[in-house]
Amino acid sequence: MNNFPDKKTIYLTFDDGPSKNTIKILDILKKYKVKATFFVCGNTTEFGKKVYKRIVNEGHAIGNHTFSHNYKVIYSSEEAFLKDLKKLENFLFSVAGVKPKIIRFPGGSNTSIGKKYGGIKLTERLTTKVLLDGYQYFDWNVSSRDATKVTQDKEIIINSVLQDVKDGGNIVLFHDSWPKTTTVEALPTIIEELLKRGYRFDILTKDSFYVHFL
Ligand SMILES: [Zn+2]
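Here goes a summary of the coordinates provided. Since the model is a prediction, treat every value here as computed from it, not as a measurement.

**Considering the coordination of the zinc ion**
Next, step 1: Bound to the zinc ion on the protein side are Asp 16 (OD), His 65 (NE2) and His 69 (NE2), at distances that span 2.1 Å.
Next, step 2: Of note, the zinc ion draws all its donor residues from one chain, in the sequence arrangement D-x48-H-x3-H. One end of the pair, Asp 16, is in the loop between strand S1 (9–15) and helix H1 (20–32); the other, His 65, is in the loop between strand S3 (61–64) and helix H3 (71–74), with 49 residues separating them in the sequence.
Next, step 3: By relative accessible area, Asp 16 is classed as partly exposed at 23%.
Next, step 4: Classification of His 65 by relative accessible area gives buried; the value is 1%.

**Observations regarding the pattern of salt bridges**
Next, step 1: Under the criterion given, the structure shown has 13 salt bridges.
Next, step 2: Salt-bridge contacts for Glu 46 lead to Lys 49; the nearest nitrogen and oxygen are separated by 3.5 Å. With Glu 46 and Lys 49 both in helix H2 (residues 46–57) and three residues apart, the pair spans about one turn of that helix.
Next, step 3: With a shortest N-O distance of 3.8 Å, Lys 196 and Glu 193 are connected by a salt bridge. Here Lys 196 and its partner Glu 193 are both found in helix H8 (residues 181–196), three residues apart, which amounts to about one turn of the helix.

**Comments concerning the nonpolar core**
Next, step 1: With 38 residues, the main nonpolar core has Leu 12, Phe 38, Phe 174 and Ile 191 as its most contacted residues.
Next, step 2: Those elements that provide at least two residues to this core are S1, H1, strand S2 (37–40), H2, helix H4 (78–96), helix H7 (154–164), strand S7 (169–175) and H8.
Next, step 3: For this core, the element with the highest residue contribution is H8, accounting for six residues.
Next, step 4: Setting aside residues no more than four positions away along its own chain, Phe 38 makes contact with Phe 14, Thr 22, Ile 25, Leu 26, Leu 29, Ile 55, His 60, Ala 61, Ile 62, Gly 63 and Asp 176.

**Focus: H1**
Next, step 1: The end-to-end C-alpha distance of H1, which contains 13 residues, comes to 19 Å, matching closely the 18 Å that a straight helix rising 1.5 Å per residue would cover.
Next, step 2: Those residues of H1 that fall on the buried side of the exposure criterion are Asn 21, Thr 22, Ile 25, Leu 26, Ile 28, Leu 29 and Tyr 32. One side of H1 holds all its buried residues, which, seen down the axis, span an arc of 165°. Turned more than 90 degrees from where H1 packs its buried face, Lys 20, Lys 30 and Lys 31 sit exposed.
Next, step 3: Where H1 is buried, its residues meet S1, S2, H2 and H8.
Next, step 4: Backbone geometry just downstream of H1 places Lys 33 in the positive-phi region, at approximately 55°.

**Considering the packing of aromatic side chains**
Next, step 1: Following the criterion strictly, the structure yields eleven aromatic pairs and no others.
Next, step 2: Relative to Phe 174, the ring of Phe 14 lies with its centre 5.1 Å away and its plane at 15°, an arrangement referred to as stacked. With a gap of 160 residues between them, Phe 14 in strand S1 and Phe 174 in strand S7 connect regions that are remote in the sequence.
Next, step 3: Look at Phe 174 and you get buried, because its relative accessible area is 0%.
Next, step 4: With centroids separated by 6.1 Å and ring planes inclined at 15°, the aromatic side chains of Tyr 71 and Tyr 75 adopt a geometry described as stacked.
Next, step 5: Since its relative accessible area comes to 23%, Tyr 71 is described here as partly exposed.
Next, step 6: Residue classification places Tyr 75 among the buried positions, given a relative accessible area of 0%.
Next, step 7: An aromatic cluster is built from Tyr 71, Tyr 75, Phe 81, Phe 105 and Tyr 137, whose rings are joined through pairwise contacts.
Next, step 8: Across the ring face of Phe 93, the terminal group of Lys 99 is positioned such that the distance to the ring centre comes to 5.1 Å.

Criteria and cut-off values
- Residues numbered from 1 in each chain as written.
- Predicted model: local features only at pLDDT ≥ 70, side-chain atom pairs only at ≥ 80, totals over all residues.
- Heavy atoms only, no water.
- Donors = N, O, S within 2.8 Å, 3.2 Å for Na, K, Ca; no water.
- Helix = DSSP H or I, 4+ residues; strand = E, 2+ residues; numbered from the N terminus.
- Buried < 20%, exposed > 50% of the residue type's maximum accessible area, 1.4 Å probe, protein only.
- Salt bridge = Lys/Arg side-chain N within 4 Å of Asp/Glu carboxyl O.
- Core = buried A, V, L, I, M, F, W, Y, C linked by side-chain atoms within 4.5 Å.
- Contact = heavy atoms within 4.5 Å.
- Expected span 1.5 Å × (residues − 1).
- Arc of directions from axis to C-beta.
- Phe/Tyr/Trp six-rings, centres within 6.5 Å; stacked < 30°, edge-to-face > 60°.
- Lys NZ or Arg CZ within 6 Å of the ring centre and 35° of its normal.

Without other data, these values stay purely geometric and don't point to any function.
See below:
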């Protein structure tokens, strides 16, 4: 019951931007005419605002990854998390005219970091609460492993994705923060191979196929 797509579908997702790598990723996506989903954080610079607008204008989806991404703050209480989430929501609305209904929890919905700061029940309360409030949250079922090192080996990123994709829905986790240069380098090979294998690319919406760890 999670809207399993009837075709081989890839949902590319990029967390933690905007950064200079986001621009390079947008250029690559444009070249291959592929759409993706960006779970962004708060960046109040002119550069950041430009990137949010470009993501929206080029037909990609923007998701809410909290304004601060500060584990200690967002996972200190339910109120603190929702306040940070709303802060980004309002900011994105003022800058790019969008109020994302899609969320990715920093660290994932079952994050041990969330449990460390907020207690074992906090993450459970948060997932229930956001669904009740009309959001959908997305974990992933394919990891590029680009977060297990500050800058991961390009070949590891390529192989991790290409080995783990399967028929049906694939929500692929990448990061587009500033050290993730090899994620950018790995992306063309990954897209070319997946197109060759007959996958279609789609953006996440509130009603999309989803993966929940919790
Ligand atoms: Zn993150």
